[in-house]
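Understanding the architecture of this molecule
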Amino acid sequence: MNENQISSPVKEMPDCWEDDKRMNVLFSPFRKRELNPVDYDSKMKFWNNIIEKWCVENNHCVLTLTTLRTAFKRKGRTPSCLTTVVEELLRAGDLKNKNDFLSMTMSQTSWTGWAMNSVKSPLIWSLSKLKEVLTEIDVNEIQYIYIGYLKSKEKSILSKAEQQPEKTLYTLEEMRKLAEPLCSTETAELLLHWLKLEGKACSMRCDDQELIKLTSGSSSLQITDRDIAQFKLTQSKDALMKAIEVLEEEKQKALYDAKEHLAKGLRMAAKSSLRKKKALEECITKRISTLDNLDLLFTRIRDAQSDAEVYDSYKIGVSALKATFKQAGLSEDNVVSTITEVEEVSEMQDEIQNMLAQQLQLHTESELEEELSTILSSFKPEDELNLPEVPSMDLLERKQNEDKKSDPVKFALAE
């Protein structure tokens, strides 16, 4: 390749990668941040972003200064600022010394705590560098782990694992295939270590292979006997399916051989091929029957697990109901006593309402009847009331005629 030709380390490089003047600044060593904090941070951000893209696209999480210089070589020139970039990434927790990374365990300081300590201790890089110089270690070949890559792959692996709820355990090779694009075995081992540190995976040795359980936090992070049994059943099922595929191919070949022998007139050879074909068919039938039994067993296991979950839900519901009854003071005796009190109070209320609805009477009927009887008994027939005499009709007519004669005009107007 021509040294003056501009190669692209990643698919989508920033536009400034084609600008020689700008790249001269980005390739040059860092000046002190105090002189120009804005330019310093902008330059650091550029290298941090471009290194992350390069790691993800090339499936690399192990870095050295030498590999970075080679990857970002431009027109025959290597960046002179990568040492400072690595120092800053170490301080920020985006890089981790590989040996330190592999020595970390769940019982030690958490990953977040380690990152905070890295930020608070800016002398980590210089002290480590001094130690490496004293022990004659080439600083350019020290291996570092890029944490951003591990975080990116973590999301991909856990997302694909959630899409296979029936699969509880994985081998290292199966977990490696979950990372897309396919990563190396070394990278898969580093990913597993990272997932363990994050509390998203656990593993154990079983039958000379490492079994891995992945979780995003919704299930228990513990490999149980049921998990191992289900894993072995899955392996047996996969082995049966592969054996059936091989037998099917052999059966088709035996049928083809029988036809070939018949075409050549070799009837005995053709019969021999047909006998082989029938034997293979019987074997395939048995294997399929065994496969059906395994499928049924898987169904029973899932049903049992579902039943166990329903049972746990019932227990939780009963406990919650009992707690509610206890908190509210609900019991059979209390409810009966309260209902009885309600009935008594209701009867009392009815009596009060009836009494309030009665009309008020000053004298009873019997008293009035008694008083009337007294009045009637004291009344005598010969006693007459002094009432004025009522005039007769003749007397009234005579009186009217006399009035007409005395004042005829008044009566005329009246008529």
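No experiment lies behind these values; they were computed from the predicted model shown.

Okay, the sheet that holds strand β1 (residues 62-63) next. The strand order β1-β3-β2 describes an open sheet built from three strands, whose pairing is antiparallel. Unpaired on one side and paired on the other, β1 and β2 (95-97) mark the two borders of the sheet. As paired elements, β1 and strand β3 (residues 144-146) share two bridges and run antiparallel to each other. Along β3, the bridge assignment pairs Leu63 with Tyr144. Along the sheet, helix α2 (residues 37-58) makes contact with β1 and β3, crossing β3 at roughly 90°.

Taken residue by residue, a regular strand's side chains alternate between the two faces of the sheet. Pairing of strand β4 (residues 201-206) with strand β5 (residues 209-214) involves six bridges; the strand directions are antiparallel. Bridge pairing in β5 links Cys206 to Gln209. Counted between consecutive antiparallel strands, the loop separating β4 from β5 contains two residues, among which Asp207 sits at a positive phi close to 55°.

Moving on, we come to the environment of Thr78. Checked against the element boundaries, Thr78 lands in the loop between α3 (65-71) and α4 (82-92). Exposure remark for Thr78: the relative accessible area of 32% places this residue in the partly exposed category. Through-space distance from the C-alpha of Thr78 to that of Thr66 is 9.9 Å; in sequence the pair is twelve residues apart. Non-local contacts of Thr78, meaning those with residues more than four positions away in its chain, are made with Phe27, Arg69 and Lys73.

The next thing to look at is the UniProt feature "coiled-coil region" (unreviewed entry) in the chain. Within this structure's numbering, the places UniProt gives as "coiled-coil region" (unreviewed entry) are residues 233-264. With 97% helix and 0% strand, residues 233-264 has end C-alpha atoms that lie 46 Å from one another.

Our focus in this paragraph is the packing of helix α8 (residues 147-162) against helix α10 (residues 185-197). Their axes nearest at 10 Å, the elements α8 and α10 cross at an angle of 80°. Judged by the angle between their axes, α8 and α10 are roughly perpendicular. Residue-level contacts link Ile147, Tyr149, Leu150, Lys151, Lys153, Glu154 and Ile157 of α8 to Thr187, Leu190, Leu191, Trp194 and Leu195 of α10. In terms of residue class, the contact of α8 with α10 is built from eight nonpolar, one polar and three charged.

Under the definition given, this model contains 15 salt bridges. A salt bridge links Lys232 to Asp207; the nearest nitrogen and oxygen atoms lie 3.6 Å apart. Within this pair, whereas Lys232 is found in helix α11 (residues 225-263), its partner Asp207 is found in the loop between β4 and β5, the two being separated by 25 residues in sequence. The exposed category is assigned to Asp207, whose relative accessible area is 54%. Three or more residues joined by partner-sharing salt bridges are found here, namely Asp20, Arg74 and Lys75.

Right, let's get into the environment of Thr215. Along the chain, Thr215 falls in the loop between β5 and α11. As for Thr215 and Leu195, which are separated by 20 residues in sequence, their C-alpha atoms are 9.4 Å apart. The residues touching Thr215, leaving out its near neighbours within four places in the chain, are Leu158, Gly199, Lys200 and Leu221.

Scoring rules and cut-offs
Residues numbered from 1 in each chain as written. Predicted model: local features only at pLDDT ≥ 70, side-chain atom pairs only at ≥ 80, totals over all residues. Heavy atoms only, no water. Pairing = 2+ DSSP bridges. Helix = DSSP H or I, 4+ residues; strand = E, 2+ residues; numbered from the N terminus. Contact = heavy atoms within 4.5 Å. Axes fitted to C-alpha atoms, helices over the stretch in contact; angles between N-to-C directions. Buried < 20%, exposed > 50% of the residue type's maximum accessible area, 1.4 Å probe, protein only. UniProt positions renumbered as here; feature names shortened; annotations may be inferred. Parallel < 35°, antiparallel > 145°, perpendicular 65-115°, else oblique. Nonpolar A, V, L, I, M, F, W, Y, C, P; charged D, E, K, R; others polar. Salt bridge = Lys/Arg side-chain N within 4 Å of Asp/Glu carboxyl O.

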